[in-house]
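# Working through the structure, step by step
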Amino acid sequence: MDTIEIETPAGTRLEALVARPRGDGPWPGVVVLHDALGVTDDLRRQVEIVTAAGYVVIAPNLYSRGRARCIQQAFRAIIFTGTGPAVAEILAARDHLAADPDCTGRIGVLGFCMGGGFALLTAPQGFHAAAPFYGSLYGDYKALLDGACPVVASYGGRDPALIGAPAKLEAALTAGGVEHDIKTYPKVTHGFANVFPGNPVLERVGIGYDAEATGDAWQRVFAFFDRHLRDPG
């Protein structure tokens with residue numbers, strides 16, 4: 001796994017992690033988007049999971065311009081505008097991956113929490129598949145997802161922050177004729193696929209990382225990605 005810098009259309013420098021599978025490419029690509037905590041050991045673990053499945057990965061650091069300002073702009077993009085520096089940076093990361101000789105040009109986007117929201121937000125913007133983990137949008141789902149690529153989404157049934165989000169996503173994608181696989185895991189909550197430093201404490205009270213739900217979610221994601229990124233028909 002390497003750390004690189006790329007230039008965005010705005011002329012700013014964007015840090016990113018890049019990882020490649022073992023063996024000979026080219027491979028399909030995935031842009032992996034971090035949660036609100038930024039680039040952590042957990043994000044690196046997620047990158048390794050995707051790379052091990054046979055995808056070349058780029059994970060942009062959406063806080064490259066400074067954490068406090070970037071967090072504010074990121075959530076403003078998801079909640080109010082649908083645009084902004086973070087969206088442009090995600091698309092710049094996608095374009096960098098598309099130009100990589102090790103990438104076939106078939107690219108998915110995958111994200112967690114805040115990154116899941118951005119995976120949905122950018123699903124209509126040149127990706128071939130999107131995989132949000134507990135991601136949400138605000139406003140008109142149908143309008144924001146007009147022209148979206150196929151979506152495989154995973155939610156926790158005990159997530160108090162995203163009540164109703166899976167149903168809104170299902171309705172919008174169905175109305176738009178977008179292929180999708182949306183699953184809610186009834187016994188888990190927000191962040192069930194992430195491993196944070198406080199997880200041992202969270203798990204004692206029945207929340208936090210859940211291996212069974214996580215394993216099933218990854219299996220669905222890779223089956224979906226394989227269909228749309230490796231063999232689009």
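See the structure printed just above.
Parameters at a glance
Residues numbered from 1 in each chain as written. Predicted model: local features only at pLDDT ≥ 70, side-chain atom pairs only at ≥ 80, totals over all residues. Heavy atoms only, no water. Helix = DSSP H or I, 4+ residues; strand = E, 2+ residues; numbered from the N terminus. Buried < 20%, exposed > 50% of the residue type's maximum accessible area, 1.4 Å probe, protein only. Contact = heavy atoms within 4.5 Å. Pairing = 2+ DSSP bridges. Axes fitted to C-alpha atoms, helices over the stretch in contact; angles between N-to-C directions. Salt bridge = Lys/Arg side-chain N within 4 Å of Asp/Glu carboxyl O. Right-handed = clockwise from strand over helix to strand, strands pointing away. Polar contact = N/O pair within 3.5 Å; in protein donor to acceptor, adjacent residues only side chain to side chain. Phe/Tyr/Trp six-rings, centres within 6.5 Å; stacked < 30°, edge-to-face > 60°. Lys NZ or Arg CZ within 6 Å of the ring centre and 35° of its normal.

Helix and strand counts for the protein chain come out as eight helices and eight strands. When the 233 residues of the protein chain are sorted by exposure, 50% land in the buried category. Partitioning the contacts of the protein chain with sequence separation of at least 6, the portion at a separation of at least 24 is 68%.

What follows covers the sheet that holds strand β3 (residues 27–33). Overall, mixed pairing links the eight strands, which are arranged β1-β2-β4-β3-β5-β6-β7-β8 in an open sheet. Each edge of the open sheet carries a strand with a single partner, namely β1 (2–7) and β8 (180–185). Along the sheet, successive strands turn relative to each other by an average axial angle of 20°, direction set aside. Taken together, the four bridges between strand β2 (residues 13–19) and strand β4 (residues 56–60) define a ladder with antiparallel strand orientation. In the sheet register, A16 faces β4, and the bridge partner there is P60. Strands β7 (151–156) and β8 of the sheet are contacted by helix α6 (residues 165–175), whose axis makes an angle of about 170° with β8.

Pairing between side chains of opposite charge can happen when the charged atoms of each approach one another. Throughout the structure, instances matching the rule amount to 11 salt bridges. Two residues, D102 and R20, come together in a salt bridge whose shortest N-O distance is 3.0 Å. Placement of D102 in the loop between α3 (85–98) and β5 (103–112) and of R20 in the loop between β2 and β3 is noted, with a sequence separation of 82 residues between them. Since its relative accessible area comes to 26%, D102 is described here as partly exposed. R20 sits in the partly exposed class, given a relative accessible area of 38%. As a salt-bridge pair, R227 and E179 come within 3.0 Å of each other at their nearest N and O atoms.

Pairing between β1 and β2: six bridges, direction antiparallel. The partner of E7 across the bridge, within β2, is R13. Counted along the chain from β1 to the antiparallel partner β2, the turn is five residues long, and its residue G11 has a positive phi close to 90°.

The next thing to look at is the pairing of β3. With seven of seven residues buried, β3 is to be regarded as a mostly interior element. Note: β3 against β5, six bridges, orientation parallel. Each bridged residue has a counterpart across the sheet, and for L33 the counterpart in β5 is G111. Where the polypeptide runs from β3 across helix α1 (residues 41–52) and back to β4, its parallel neighbour, the crossover connection is right-handed.

When you line up the elements, H228 lands in helix α8 (residues 211–230). A polar atom in the side chain of H228 sits 3.3 Å from the side chain of E179. Those residues within four positions of H228 in sequence are excluded, and the remaining contacts are R106, H128, A129, P150 and E179.

Time to look at the packing of aromatic side chains. Aromatic ring pairs are defined here through the distance separating the ring centres and the angle between the ring planes. This model, assessed by the stated rule, comprises nine aromatic pairs. Between the aromatic rings of F133 and W218, the centroid separation amounts to 5.3 Å while the plane-to-plane angle is 50°, which identifies the pairing as tilted. Note that F133 is positioned in strand β6 (residues 129–133) and W218 in helix α8, a separation of 85 residues in sequence. Linked through ring pairs, Y55, F112, F133, Y134, Y185, F192, W218, F222 and F225 together constitute an aromatic cluster. Note that R94 overlies the ring of F127, its terminal NZ or CZ placed 5.6 Å from the centroid. Positioned over the ring face of Y55 is R230, at 4.3 Å from the centre of the ring.

Our next topic: the environment of L137. Mapped onto the elements, L137 comes out in the loop between β6 and α5 (141–144). L137 sits in the buried class, given a relative accessible area of 4%. In this structure, the C-alpha to C-alpha distance between L137 and L162, residues 25 residues apart in sequence, is 9.8 Å.

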